[in-house]
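The lines below spell out each chain.
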Amino acid sequence: MHLVCVDCAARHPAEMRYSCERCGGILEVAEPARLPRPLPGAGMWSADAALCVSDPAAVATLGEGGTPLHRAPRLAEAVGATGQVWIKDETVNPSGSFKDRAVAAAVARARELGMAGIVCASSGNAGASAAAYAARAGLPAIIVVPTHTPDEKLTQIAAYGARLVRVDGHYSNAYRVGLELAERHALANVTTTYLNPYGVDALKTAGHEIFDQLGGRLPDWVLVPTGAGPLVKGVVQGLRERSGGRSARLVAVQAEGCAPIVRAFESGRREVEAWGTPTTFASGISDPLVGYERDGTHTLDLVIATEGLAVAVADAAIRAAMALLARREGLLAEPTGASAVAALEMLLADGRIGRDATIVCMVTGHGFKDFKVWRAMPPASGADLPVGDRAAEDRPG
Ligand SMILES: *Cc1c(COP(=O)(O)O)cnc(C)c1O
Ligand SMILES: [Zn+2]
């Protein structure tokens, strides 16, 4: 196992490194190590994947990964799809988002390297995940979040016993403080941008699972809620590894209030620039990429390589997609988690995705993680009978 720079191809040893010494580029894992044998019943570790760890004692698992792929016919009907629509349900991961795949692998590698604790900069979900796996591994954790992170996510982080550091302003400020803290205290940085190559590498398991769950075939499209984009990379890499180098077409979905990758895609630029101030309620993809713009550029390259798209959706459309997912398929998502469904509706309506296509939407985060949005959701018509009236109806005449 070693690390390779995605920009200049320089080779680095498989230490806890976060960028290329020569050019500052993103590092990815090459020839990943694997466990001597899979861990039965342990989610992504139970498949025979190479997840950068060779010592089973380093793995602190909560059963992350191995999530269901649900056929979603009632959702398909509602959005006007005539082909197959599938939901990859990442909300059932142990801490409620797909971040558990990356964090579990990054924490395992940190333990294997003998590191004393972890730091994670987060808009909420990665921090909750890092706090959970640190608790499971018996390691101290410092989680750095923007002050405006949803209360539910802050409560979840505190519940697992991690130290919480709140930083004013948007996510990129927290990212910078995370770098400083990890450096100063010699802790492993498990932040889930492209920073930690071992964490990013584990996201390929989502692509493996999609291919296997479809019976060994590629879907036409996969729609992915996108911040910096490691999940896009994971899906593309996993699909390519399973299908001899081919991939589905990827759609990177961002919110209109924070869409640096979409802005570059739409203007035909190949370099992503940082976004000013995010203005969306979708906290999980509210990442302006200030200081690590090349993360966005790497994601854009991947999207273009698959002949994919980058699209932005409005908060109102996300809210409608949350309601559709819950009321038509029984799936409760946080705003970010439903953004791919909002994009699907738009892309079917404007013809960029054919109605008969086979489509996978990644639903990335659980509805309990931002419950105030649900509390403010208007009830479906007919579902709002006051309890008193229903009692009156039920009484025998
Ligand atoms: C972090 C996050 C994303 C974005 O993932 P990236 O890999 O950073 O693009 C999407 N959805 C949810 C729920 C998240 O927490
Ligand atoms: Zn380099």
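Below is a short write-up of the structure. (Residues numbered from 1 in each chain as written. Chains lettered and ligands numbered in written order. Predicted model: local features only at pLDDT ≥ 70, side-chain atom pairs only at ≥ 80, totals over all residues. Heavy atoms only, no water.)

1. Regarding the sheet that holds strand β4 (residues 69-71)
- A sheet is described by the order of its strands in space; here six strands give the open sequence β4-β5-β13-β10-β11-β12, paired in mixed fashion. Strand pairing shows two members of the sheet lacking a second neighbour, β4 and β12 (309-313), which therefore form its edges. The mean angle between the axes of side-by-side strands here comes to 25 degrees, regardless of whether they run parallel or antiparallel.
- Where strand β11 (residues 249-255) and β12 come together, five bridges link them in parallel fashion. If you follow Q254 over to β12, its bridge partner there is A312.
- Docked against the sheet, helix α12 (residues 335-349) engages β5 (85-89), β10 (221-225), β11, β12 and β13 (359-363), running at close to 105 degrees with respect to β12. (Pairing = 2+ DSSP bridges. Helix = DSSP H or I, 4+ residues; strand = E, 2+ residues; numbered from the N terminus. Axes fitted to C-alpha atoms, helices over the stretch in contact; angles between N-to-C directions. Contact = heavy atoms within 4.5 Å.)

2. So, the environment of I285
- Positionally, I285 belongs in the loop between α9 (260-266) and α10 (293-305).
- Using a relative accessible area of 2% as the deciding quantity, one classes I285 as buried.
- Residues I285 and G227, 58 residues apart in the sequence, show an inter-C-alpha distance of 4.3 Å.
- In this view, I285 contacts P225, T226, G227, V253, Q254, A255, C258, T336 and S339; residues no more than four positions away in its chain are not counted. (Buried < 20%, exposed > 50% of the residue type's maximum accessible area, 1.4 Å probe, protein only.)

3. Considering the site of ligand 1
- Near ligand 1 you find 16 residues, and of these K99, N125, G227, G229 and T364 are the closest.
- K99 is positioned with one of its side-chain polar atoms (N or O) 2.7 Å from an oxygen atom of ligand 1.
- Note that an oxygen atom of ligand 1 is positioned 2.9 Å from one of the backbone N or O atoms of G229.
- When ligand 1 sits alone it has 390 Å² of accessible area, and the protein chains cover 96% of it. (Near = heavy atom within 4 Å. Polar contact = N/O pair within 3.5 Å; in protein donor to acceptor, adjacent residues only side chain to side chain. Areas by Shrake-Rupley, 256 points an atom, 1.4 Å probe, with all protein chains shown as cover.)

4. Things to note about helix α5 (residues 171-185)
- Spanning 15 residues, α5 covers 21 Å between terminal C-alpha atoms, matching the ideal 21 Å at 1.5 Å per step.
- Taken residue by residue, α5 has Y171, S172, A174, Y175, V177, G178, L181 and A182 as its buried positions.
- Trailing α5 by a residue or two, A186 shows a phi angle of about 50 degrees, which is positive. (Expected span 1.5 Å × (residues − 1).)

Geometric values such as these leave the question of function open.
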